[in-house]
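# Residue-level structure breakdown
These are the residues of each chain, in order.
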Amino acid sequence: MEMLIKELDAATGLEIEREMSAEELQQWETDKKQLQDKLLAEQNEAETKATEKAALLAKLGISQSEAKLLLS
Amino acid sequence: MPTASDLVTDLPADFEVFGQAVDTRLKALNPQTTLGDITYASATANTNTRLGIGTAGQVLAVSGGGVPAWTTTADVTPLTTKGDLFTFTTADARIGVGANGTVLTADSAEATGLKWATPTVGMTNPMTTTGDTIYSSSGSTPARLGIGTAGQVLTVNSGATAPEWTTVSSGGMTLIGTTSLSGASTTISSIPSTYKHLMILVERAYTSSSDYPIAFRFSGDTGSNYNNKTLYGQTDANSYAYFRNDSVNATSMEIRTRTLSSVDAGKNLNVVLTVYNYASTSPRFLQGSAYSMNSGSEVITTQTTGTYKGSSAISSVTALGNGTNWSGGTFSVYGVS
């Protein structure tokens, strides 16, 4: 994947496309990792929640659609 | 005895000879003999003296002998030089012409009460060009304000120290910049600080990898200055909505949505993000909405609010692919007056 940056100077109208600097590339990697960590955390949270939900539905003896109806 | 045709020159004497005594005093009253003669009384009683006409231009004056006499007068003007002015001291006097540019000025210290003096300049004119105006730059110091460009209006500058010509905002929204989305990030820079708010618009955007959230960064600020909360809604078999993505001190303003990796106008990502008081250095309120469909054709809609607490006015906005590349779409920034 090309690591290009596009920039429009609103004052001059000049548009450029250039390669990331080393610093920008490092920041991009940092951003990506932060996002991945966040998504992973959310995914884990969602899976935990799904497990707990399923357990609660089983405990209540209702289906998911019935639960959705109750919450609507 | 005079006859009827005789010229009587001495009538009393003629009558006296005739035999009858008469008063002869009248004989000396009219001594005139020539055209232009005038008569004046002499020292002798009842005896006038003839004064013959003078020469052309002479005037009648009293002679040294105390009698009238025709006299040629001398020129009494005091003027001697080109430009002289006739004035008076205790007698007729002249004031010579002054130096070029001087003006006649009253001066009681002068014998004539007048003098030529350089006029006092009230103000040095700073104007040099058609359309210039004058304002005070400090106290009574005049300064030039050059003419503005067509359509501009006169306003007070930001420091409230001087007038300046300013382009009138058309009101509403003004497009600051627009470009197509590409690369790992796309930035619109050199955003002026002259608007009240910014509206950031992403239309029909898609990325090289699908199902990625996107983010915005202001003025290249990678500091922990972004907070936001998202109300996330997704329609699927379960059709749920909930608050998520509680970002505190994050390094970008994330818009929790999902992108497609291909063009599909009805499904590609659309985002509007408003930054209120973007030019302020206080924490700025952010409000955003996003709509897209993910790769599973599930509609995703998000409402995001947050703050940006960077220390400078926002001068650029970067749309981050946030781990992927932009493949298409339009990115625009509007200034809101």
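Residues numbered from 1 in each chain as written. Chains lettered and ligands numbered in written order. Predicted model: local features only at pLDDT ≥ 70, side-chain atom pairs only at ≥ 80, totals over all residues. Heavy atoms only, no water.

## Some details on the overall build of chain B
Operational definition: Helix and strand labels come from DSSP, where a helix needs a run of H or I of at least four residues and a strand needs a run of E of at least two; each type is numbered from the N terminus. Relative accessible area decides the class of each residue, using a 1.4 Å probe on protein chains only: under 20% of the type maximum gives buried, over 50% gives exposed, and in between gives partly exposed. We call two residues in contact when some of their heavy atoms are within 4.5 Å. For the area figures, the Shrake-Rupley method with a 1.4 Å probe applies, and any residue is considered shielded solely by the protein chains shown.
Along chain B, the regular secondary structure elements total one helix and 24 strands. The buried share among the 337 residues of chain B stands at 34%. Within chain B, counting contacts between residues at least 6 apart in sequence, those at least 24 apart form 53% of the total. Carbon together with sulfur atoms contributes 55% to the accessible area of chain B, which is approximately 18200 Å² in total.

## Observations concerning the packing of aromatic side chains
Residue and element names in this part refer to chain B. Filter applied, for reference: Note on aromatic pairs: the rings of Phe, Tyr and Trp (six-membered ring only in Trp) are paired at centre separations within 6.5 Å, and the planes decide the class, stacked below 30 degrees, edge-to-face beyond 60, tilted for the rest.
Taken as a whole and assessed by the stated rule, the structure comprises five aromatic pairs over all chains. Measuring from ring centre to ring centre gives 5.1 Å for Phe218 and Tyr308, while their planes differ by 70°; the resulting arrangement is edge-to-face. Within this pair, whereas Phe218 is found in strand 16 (residues 214–218), its partner Tyr308 is found in strand 22 (residues 299–308), the two being separated by 90 residues in sequence. Assessed through its relative accessible area of 0%, Phe218 is described here as buried. For Tyr308, a relative accessible area of 2% puts it in the buried group. Site record: aromatic cluster; members linked through ring pairs are Phe218, Tyr226 and Tyr308.

## Focus on the sheet that holds strand 1 (residues 4–9) of chain A
This is how the line gets drawn: Strand pairing is assigned whenever DSSP identifies at least 2 bridges connecting the two strands. Lines fitted to C-alpha atoms define the axes, with helix axes restricted to the stretch in contact, and inter-axis angles between N-to-C directions lie between 0 and 180 degrees.
Strands sit in the order 2(A)-1(A)-14(B)-23(B)-16(B)-19(B) across an open sheet of six strands; the sheet is mixed. Every interior strand has two partners, whereas the edge strands, strand 2 (15–19) of chain A together with strand 19 (253–255) of chain B, have only one. Along the sheet, successive strands turn relative to each other by an average axial angle of 20°, direction set aside.

## Observations regarding the interface of chain B and chain A
Rules: Simply put, the buried area is the total loss of 1.4 Å probe accessible area from both parts when two parts are fitted together. Between Lys or Arg on one side and Asp or Glu on the other, a salt bridge is scored when a side-chain nitrogen of the former is within 4 Å of a carboxyl oxygen of the latter. Contacts described as polar in this section are N or O atom pairs within 3.5 Å, which, within protein, must combine one atom able to donate a hydrogen with one able to accept it, while residues neighboring in sequence count only if both atoms come from side chains. Side-chain classes are defined by residue name, with Ala, Val, Leu, Ile, Met, Phe, Trp, Tyr, Cys and Pro counting as nonpolar, Asp, Glu, Lys and Arg as charged, and the others, Gly among them, as polar.
If you look at the interface, chain B gives 33 residues, while chain A gives 25 residues. A buried area of about 2200 Å², summed over both sides, lies between chain B and chain A, and 42% of it is on carbon and sulfur atoms. Considering only the surface of chain B that becomes buried against chain A, B:Ala184, B:Ser189 and B:Gly323 emerge as the three largest contributors, covering 18% of it. Across the chain B-chain A interface, the total number found is two salt bridges. One salt bridge in this structure joins A:Lys38 and B:Glu254, with 3.1 Å as the shortest N-O distance. One can count 16 residue pairs in polar contact (both at pLDDT 80 or more) joining chain B with chain A. Mapped by element, the contributors of at least two residues to the side of chain B that touches chain A are strand 13 (173–180), strand 14 (185–189) and strand 18 (240–250) of chain B. Its residues assigned to classes, the side of chain B that touches chain A shows seven nonpolar, 22 polar and four charged.

## Quick word on the environment of A:Ser63
Here A:Ser63 lies in the loop between helix 1 (22–60) and helix 2 (64–71). One polar contact links A:Ser63 to A:Ser65, side chain to side chain, over a distance of 3.1 Å.

## Here we look at the nonpolar core
As a reminder, the rule being used: Buried Ala, Val, Leu, Ile, Met, Phe, Trp, Tyr and Cys residues form a nonpolar core when they are joined through side-chain atoms within 4.5 Å.
Formed by 31 residues in total, the largest nonpolar core has its most connected members in B:Leu198, B:Ile200, B:Phe216, B:Phe218, B:Val317, B:Phe331 and B:Val333. Within the residue set of this core, elements represented by two or more residues are strand 15 (197–207), strand 16, strand 19, strand 20 (269–275), strand 21 (284–293), strand 23 (317–320) and strand 24 (326–336) of chain B. Discounting chain neighbours no more than four positions away, the residues touching B:Leu198 are B:Ile176, B:Ile191, B:Leu273, B:Thr274, B:Val275, B:Tyr278, B:Ile314, B:Val317, B:Val333, B:Tyr334 and B:Gly335. The next biggest cluster of nonpolar side chains, apart from the first, holds five residues, and it includes A:Ile5, A:Met20, A:Trp28 and B:Ala184.

## Quick word on the confidence of the model for chain B
Residues and elements named next belong to chain B. Heads up, the condition is: The predictor's confidence in any single residue is recorded as pLDDT, a number from 0 to 100.
Confidence along chain B averages 87 in pLDDT terms, with 87% of residues attaining 70 or more. Of all secondary-structure elements in chain B, the lowest mean pLDDT belongs to helix 1 (residues 11–18), at 61, while strand 14 reaches the highest, 97. In the predicted complex, the global pTM is 0.57; the interface-specific ipTM is 0.80.

## Things to note about the environment of B:Thr155
All names here are of chain B. On the secondary structure map, Thr155 appears in strand 11 (residues 153–156). Thr155 sits 11 residues away from Thr166 along the chain, and the two C-alpha atoms are 6.4 Å apart. Contacts of Thr155, omitting those with residues within four sequence positions, involve Ala162, Pro163, Glu164 and Thr166. Within the local environment of Thr155, its side chain forms a polar contact with the side chain of Thr166, the two groups lying 2.6 Å apart.

## Re the side chain of B:Thr274
All names here are of chain B. Inspection of the secondary structure assignment puts Thr274 in strand 20. The exposure class assigned to Thr274 is buried, which follows from its relative accessible area of 16%. Excluding anything up to four places from it in sequence, Thr274 contacts Leu198, Met199, Phe285, Leu286 and Gln287.

## Looking at a nonpolar patch on the surface
All names here are of chain B. Rule in force here: The patches reported here contain residues having more than 30% relative accessible area and no salt bridge. Joining distances are 9 Å for like charges and 5 Å for nonpolar side chains (Val, Leu, Ile, Met, Phe, Trp, Tyr).
The grouping of Met123, Met127 and Ile134 at the surface amounts to a nonpolar patch, some 240 Å² of accessible area in total. Assignment of secondary structure puts Ile134 in strand 9 (residues 133–138). Given the relative accessible area of 33%, Ile134 is considered partly exposed.

## Regarding the pattern of salt bridges
According to the stated counting rule, one finds 12 salt bridges over all chains in the structure shown. Residues A:Lys6 and A:Glu15 are paired through a salt bridge, measuring 3.7 Å at the closest nitrogen-oxygen approach. A relative accessible area of 6% places A:Lys6 in the buried class. Across the pair B:Arg217 and A:Asp31 runs a salt bridge whose closest N-O atoms are separated by 2.8 Å. Separated into two different chains, B:Arg217 in strand 16 and A:Asp31 in helix 1 make up a pair that spans both.

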